[in-house]
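What follows is the residue order along each chain.
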Amino acid sequence: MRTKEAVAQRILELCRERNIAVNALANISGVSPSTICMLNQKSQNPGVVSIKKICDGLEITVREFFDSPLFDETEQEIK
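Starting afresh in each chain, residues are numbered from 1 along the sequence in its written order. Local features are withheld for residues below a pLDDT of 70 in this predicted model, meaning they are given only at 70 or higher, and side-chain atom pairs are given and counted only at 80 or more; totals for whole chains, interfaces and linings count all residues. The side-chain values count all of the structure's non-hydrogen atoms but skip hydrogen atoms and water molecules.

The subject of this paragraph is the side chain of Arg10. Secondary structure elements are taken from DSSP: a helix is a run of H or I of four residues or more, a strand is a run of E of two residues or more, and numbering for both begins at the N terminus. Relative to the assigned elements, Arg10 resides in helix 1 (residues 3–18). Three exposure classes are used, based on accessible area relative to the maximum for each residue type with a 1.4 Å probe and protein chains only: buried under 20%, partly exposed in between, and exposed over 50%. What makes Arg10 buried here is its relative accessible area of 8%. Every residue in contact with Arg10, bar those within four places of it in the chain, is listed here: Glu17, Glu64, Phe65, Asp67, Ser68, Leu70 and Phe71. Whether two residues touch is decided by their heavy atoms; if any such pair falls within 4.5 Å, the residues are in contact.

Whether two aromatic rings pair depends on their centres lying within 6.5 Å, for rings of Phe, Tyr and Trp, where Trp uses its six-membered ring; planes under 30 degrees apart make the pair stacked, over 60 edge-to-face, and the rest tilted. One pass over the structure, following the stated rule, counts three aromatic pairs. Considering the side-chain rings of Phe65 and Phe66, the 5.0 Å spacing of their centres and the 85° angle between planes classify their relative orientation as edge-to-face. Since its relative accessible area comes to 34%, Phe66 is described here as partly exposed. Look at Phe65 and Phe71: their rings are 6.1 Å apart centre to centre, the planes differ by 45°, and that puts the pair in the tilted class. Looking at Phe65, the relative accessible area reads 0%, which means it is buried. With relative accessibility at 16%, the residue Phe71 sits in the buried group.

Attention shifts here to the nonpolar core. Throughout this description, the term nonpolar core refers to a set of buried Ala, Val, Leu, Ile, Met, Phe, Trp, Tyr and Cys residues connected via side-chain atoms within 4.5 Å. Ranked by size, the top nonpolar core spans 17 residues in total, and within it Ile11, Leu25, Ile36 and Phe65 carry the most contacts. Mapped by element, the contributors of at least two residues to this core are helix 1, helix 2 (22–29) and helix 4 (48–58). Filtering out sequence-adjacent residues up to four positions away, Phe65 remains in contact with Val7, Arg10, Ile11, Leu14, Ile51, Cys55, Ile60 and Phe71.

In structure tokens, the structure reads:
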């Protein structure tokens, strides 16, 4: 799995755990819904500032965000 896909899956996983919609997460995180959608679709490189804002909205640390088995076996990004 690519890192971008793991980030997108982690966001969706955290939304499900907290029973909040992606649009609601965007609002509480201070990012546009299109920012979160880009993480799920088009963006090849989710920005660390966007991830930090999402973490703030979820009231978790960046460390907690990446503390998931999703990131244990991501593919090598440099080939």
